[in-house]
Structures are given as C-alpha cells and as structure tokens.
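# Close look at the chain arrangement
Chain by chain, the residues run as shown.
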Amino acid sequence: MLSDSIRHMRERLKHEGSQAGLLLTLQAFEIEARNMEDRLHMLLGTPHVALDGNLISAPDPIVDIVGAA
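First things first, this report covers the structure right here in the doc. (Residues numbered from 1 in each chain as written. Predicted model: local features only at pLDDT ≥ 70, side-chain atom pairs only at ≥ 80, totals over all residues. Heavy atoms only, no water.)

When helices and strands are counted, the chain shows 2 helices and 2 strands. Counting all 69 residues of the chain, 14% fall into the buried class. Accessible area for the chain stands at about 5,500 Å²; split by element, carbon and sulfur atoms hold 62% of it. (Helix = DSSP H or I, 4+ residues; strand = E, 2+ residues; numbered from the N terminus. Buried < 20%, exposed > 50% of the residue type's maximum accessible area, 1.4 Å probe, protein only. Areas by Shrake-Rupley, 256 points an atom, 1.4 Å probe, with all protein chains shown as cover.)

Applying the stated criterion to the full structure yields 6 salt bridges. Where R10 meets E30, a salt bridge forms, and the shortest distance between an N and an O atom there is 2.8 Å. With a gap of 20 residues between them, R10 in helix α1 (residues 2-16) and E30 in helix α2 (residues 20-44) connect regions that are remote in the sequence. As far as the burial class goes, R10 and E30 line up, both buried. Its salt-bridge partner being K14, residue E11 comes within 3.7 Å of it at the nearest N-O pair. Placement of both E11 and K14 in helix α1 is noted, with a separation of 3 residues, approximately one turn of the helix. (Salt bridge = Lys/Arg side-chain N within 4 Å of Asp/Glu carboxyl O.)

One recurring pattern in soluble globular proteins: nonpolar side chains tend to sit buried together. Ranked by size, the top nonpolar core spans 5 residues in total: I6, L13, L23, L26 and A33. Broken down by element, this core gets its largest block of residues, 3 residues, from α2. The residues touching L13, leaving out its near neighbours within four places in the chain, are S18, L22, L23 and L26. (Core = buried A, V, L, I, M, F, W, Y, C linked by side-chain atoms within 4.5 Å. Contact = heavy atoms within 4.5 Å.)

We now examine the packing of α1 against α2. Where α1 contacts α2, the axes come no closer than 8 Å and their chain directions differ by 165°. When the axis of α1 is compared with that of α2, the two are roughly antiparallel. Where α1 crosses over α2, the handedness of that crossing is left-handed. For the pair formed by α1 and α2, the contact residues are L2, S3, D4, I6, R7, M9, R10, L13 and K14 on the first element and L22, L23, L26, Q27, F29, E30, A33, R34, M36 and E37 on the second. Class assignment of the residues belonging to the contact of α1 with α2 gives a composition of 10 nonpolar, 2 polar and 7 charged. (Axes fitted to C-alpha atoms, helices over the stretch in contact; angles between N-to-C directions. Parallel < 35°, antiparallel > 145°, perpendicular 65-115°, else oblique. Left-handed = near helix turned anticlockwise from the far one by under 90°. Nonpolar A, V, L, I, M, F, W, Y, C, P; charged D, E, K, R; others polar.)

Nothing here speaks to function; it is geometry throughout.
Put into structure tokens, the structure is as follows:
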C-alpha cells in the first residue's frame, strides 16, 4: 500500500539523519495516503492491497465510461 511505502521511506530517511521538515512532510503524505486507502475500502467494500507490485481493489472489470461496447 502507498502509505506503507511512504512509512518505510520515512523510517529509512530518519535513520540516515534527514531534515525534520522532510520527515514531517513524508508523515503528512503517509496520513493522507492512509486516509485515501480507508475511503477506498469503505467505498468498494474490499481492502486496497498490494499484490506483486499491483494495487488490487476489487475483482470487478474496468468500467467503460465512454460507452463503446
């Protein structure tokens, strides 16, 4: 998940001694990403999880919004 990736990046940079402003910015991005993931879970009814580098949110096919069938 995106929020997990950002958290790992933030932790790695914290151990390297990065600036506090950068770490706070990454933490804010992590919170926003987690919020987005939670909203997707509420809307779709399934958790938004990573599978082999691809984000999977629902087993449904892609909806054609143009209407070309």
